[in-house]
Amino acid sequence: MRKLSATPQQPQTIYDLRCGSSQRGVLTMGKNRRRRNNRWHHHRSSDQDDGVGNNLSEVDLILVEKFLSDYRSLAYDIVCHRRNGTPRTDAKPLVVGEHVFPSLTEDLCSRPYVELPETLSAKDRRKIHALCCYSLDLYHAGIGQKGKRRIVVSIYADGFRFIPDEDSESSPCSYTGAHRFPYMMCTPWYYRDKNTTAKRRSEIEHEKKLIHQFVKYPEQTLISSSYESVCLAGMDLLDLSAVPNVEDTPYELIDTVDKLKLCVEELRYGAGHNNTNNHTTILSEIAFDMEMYNQGNAVRTCLIQLTSNTMQKDYIIDPLAVGVWDAIGVHLGPIFSDPSILKIGHGIGGMDCSSLHRDFGVVVLNAFDTCEASALVRQSKGGMNLASLCEHYGLQTWEHYRDLKDRFQTTNWCKRPLSAPAIEYGRYDVRYLITLRKLLMRDLLKMDIMHSVQNGFDNDSDYDSTSVSESTAWQLSSSSSRWTSTSESSFANSDHPTEKNNIEMSIESIISVSDLPSFEKFMKVISISQKRCLKLWAGKEEGDSESILRNQSFISMIKQSANNEKHHDAYNWTEKNTKLYKELAHWRKTVAERESVDVNDVCSLDLLCWVSYKLPKSRSELRRFDYILPALIEDKSLPYFDEMKKIISSVEITGASSTKERNNAVFYSFGKKVRDDVETIFGRNDRKLLIATTVLCLVAVILTGRKR
């Protein structure tokens, strides 16, 4: 194997400032990294998606850029038949730190795409993505499940169509065509009436005031009948093994408006309810989760999963089914906004609450976030992922759940029909949340009791042994909780005589609902959960001129251009590029208003910055920034890409695109490999179609020649 040494000269690239600042959101990676590092490092081995070893240094990135540049040159040589076909004999793998890059052999460079090592961390992958789109003009994408994510690069516009079936779910080609989000059919509630923006924001402020009442006075959430008197001794043996598992529980796919109405009735009143005879709601707690389409800066709801205390049944709601999207707010909205019904979710502050509000106008009142509760029980700044939490509380099939999560966290949830494993994964996300809430509540109450006992021993004058023993509804020496805190350890090792007596006691008493507000840690979780409900959608302020100029891609481009002035062959960003960037940003805002969507649904500012820099002439060239194009630009029946090209041509730029030769898009299917691969990739029928098309073309040429 070879190890290249980098020259000390300043590299003429832009990765040092940009570090992958595409629409993938990497410009905030420092903040995200700090948040991830504060998560529970005890479980990092199972949740990690950061490769192995240290991140690539600046010198390492120079070596990676040299490798990709060599691949690009060799692959284009093969396409242009500039090589004599003799295989390279001196090609060896490139070792960069702990990462082994493949040998650049003739065979490798002749393939439709090349895979980079899966040992690269997420941060390193972002930097390499930036190299590909800004410095090397390579097509690039990420494939693979969580823990095995890797980058694929290609010089071919259609190279990723040849990714094998085992990676098809995460392939960028799975986000094209019929598998795109149906923007025209599913307009978000927030953007339906573009003339009432001021009114909408006024309503949002009113809704936030309602939620703030629960944040300020979290004891108000205890009005839900799901909070009952708690006997901790009776909950000691409770775990997830007692919950009916996914395989033994029925479910229903809600893909029509009539099914949605029936679903809401069953949730509220139970099975077999006759709405004309009884209007008493028995629903007290409902668990929910959502799956999203998340490409670029555009996020949309693709699936809603529900389960409740009223039915031993799970509901999978398909918002993309005809008519269901517009009906969700009407029928499910009253349940989520009813403060007497407890809503249970895991990490609801991520995208769940904001997406429910943006897409359907649904506001969540009275929630319990199991992720926040697990963080407080673990005394950590970050909560545990749901699969690991289920493992801790005794779910026997947690490994299967973890495998499903690794598989489907990177899948395209717009695909229809939904596969059986995808539905199973969605059900796992809600099936155990109701019981998890009880288990976490039990452990939070125990921690509060333990804290009170410890403080009592530290101050004997204030200690009341009677009140402590009556409050202690569980046998301290045989606590079912497997989590050990510092206070528990110090308590167990104490020699206080009263403590020893209490350890031997097991007095079964009941904590009433009226006593719950005195438990500090438990009420803290309640308060934080309500704060997460405040994440209502209020639009994104990216249409004004100030926010456009604050875009980090634009700022980085200006800085890098200033640094590159001494390099005569480097790209330079000029005032004309800035003018084009502003015009494209104005066009984006106009399209968003025309289509009643968010500006990021049209495209990101990062993409417009790249367009102003590279001046793409076709959709194939545009894919070098991100292989998955925004839906409104990819759709050939819409005029928006042509409008973008017209704006580009209206500004005469002599800086960015003319200082370096641009390679037009090439297609692997049109090369010499097509006959070898067409049968395995597309099947025999497609091969026959290709042959028939070729014959027809030859006949047309012959007939044209005879007419002449």
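All values derive from a computational prediction rather than experimental measurement.

Caption draft 1: Seen up close, the pairing of strand β7 (residues 285-295). Counted residue by residue, β7 has 10 buried out of 11 residues, so it is predominantly covered. As defined by bridge partners, β7 adjoins strand β10 (residues 342-345) across three bridges and the pair is classed as parallel. Opposite I286, over in β10, you have K343 as the bridge partner. Of the strand pairs in this sheet, β7 and strand β8 (residues 298-308) are connected by 10 bridges, and their pairing is antiparallel. When the bridges of β8 are listed, F288 appears paired with L306.

Caption draft 2: Layout of the packing of aromatic side chains. For the structure on display, the rule yields 21 aromatic pairs. Seen in terms of ring centroids, W610 and F625 are 5.7 Å apart; in terms of plane orientation they differ by 40°. Their pairing is tilted. Of this pair, W610 sits in helix α25 (residues 605-614) while F625 sits in the loop between α26 (619-622) and α27 (631-634); the two residues are 15 residues apart in sequence, bridging distant segments of the chain. Here W610 and F625 have matching classes, each one buried. Pairwise contacts between aromatic rings join Y401, F408, W413, Y425, Y428 and Y432 into one cluster. One residue, R358, lies across the ring of W537, its end atom 5.1 Å from the ring centre. Between the NZ or CZ atom of R623 and the centre of the ring of Y627, over which it lies, the distance is 5.4 Å.

Caption draft 3: Seen up close, the side chain of R427. By the element assignment, R427 lies in helix α15 (residues 420-431). Reaching out from R427, the side chain makes a polar contact with the backbone oxygen of V246 at a distance of 3.1 Å. The contact partners of R427, leaving out residues within four places of it in the chain, are V246, T249, P250, Y251, D314 and I316.

Caption draft 4: Layout of the sheet that holds β8. Sheet architecture is open: six strands sit in the order β6-β9-β8-β7-β10-β11, paired in mixed fashion. Edge strands, defined here as strands with exactly one partner in the open sheet, are β6 (251-254) and β11 (367-369). Between one strand axis and the next, the sheet turns by 25° as a mean value, whatever way the strands run. As defined by bridge partners, β6 adjoins strand β9 (residues 314-317) across four bridges and the pair is classed as parallel. Counterpart to E252 in the pairing with β9 is Y315. Across the sheet, helix α11 (residues 352-360) is in contact with β7 and β8; its angle to β8 comes to roughly 105°. Sheet strands touched by α15: β6, β7, β8 and β9. Its angle to β7, the strand with the most contacts, is close to 135°.

Caption draft 5: Expanded view of α15. Over its 12 residues, α15 runs 16 Å from end to end, which matches the ideal 16 Å to within 8%, given 1.5 Å per residue. With 10 of 12 residues buried, α15 lies mostly within the body of the structure. For α15, the full list of buried residues reads A422, I423, E424, Y425, G426, R427, Y428, D429, V430 and R431.

Cut-offs applied
- Residues numbered from 1 in each chain as written.
- Predicted model: local features only at pLDDT ≥ 70, side-chain atom pairs only at ≥ 80, totals over all residues.
- Heavy atoms only, no water.
- Buried < 20%, exposed > 50% of the residue type's maximum accessible area, 1.4 Å probe, protein only.
- Helix = DSSP H or I, 4+ residues; strand = E, 2+ residues; numbered from the N terminus.
- Pairing = 2+ DSSP bridges.
- Phe/Tyr/Trp six-rings, centres within 6.5 Å; stacked < 30°, edge-to-face > 60°.
- Lys NZ or Arg CZ within 6 Å of the ring centre and 35° of its normal.
- Polar contact = N/O pair within 3.5 Å; in protein donor to acceptor, adjacent residues only side chain to side chain.
- Contact = heavy atoms within 4.5 Å.
- Axes fitted to C-alpha atoms, helices over the stretch in contact; angles between N-to-C directions.
- Expected span 1.5 Å × (residues − 1).

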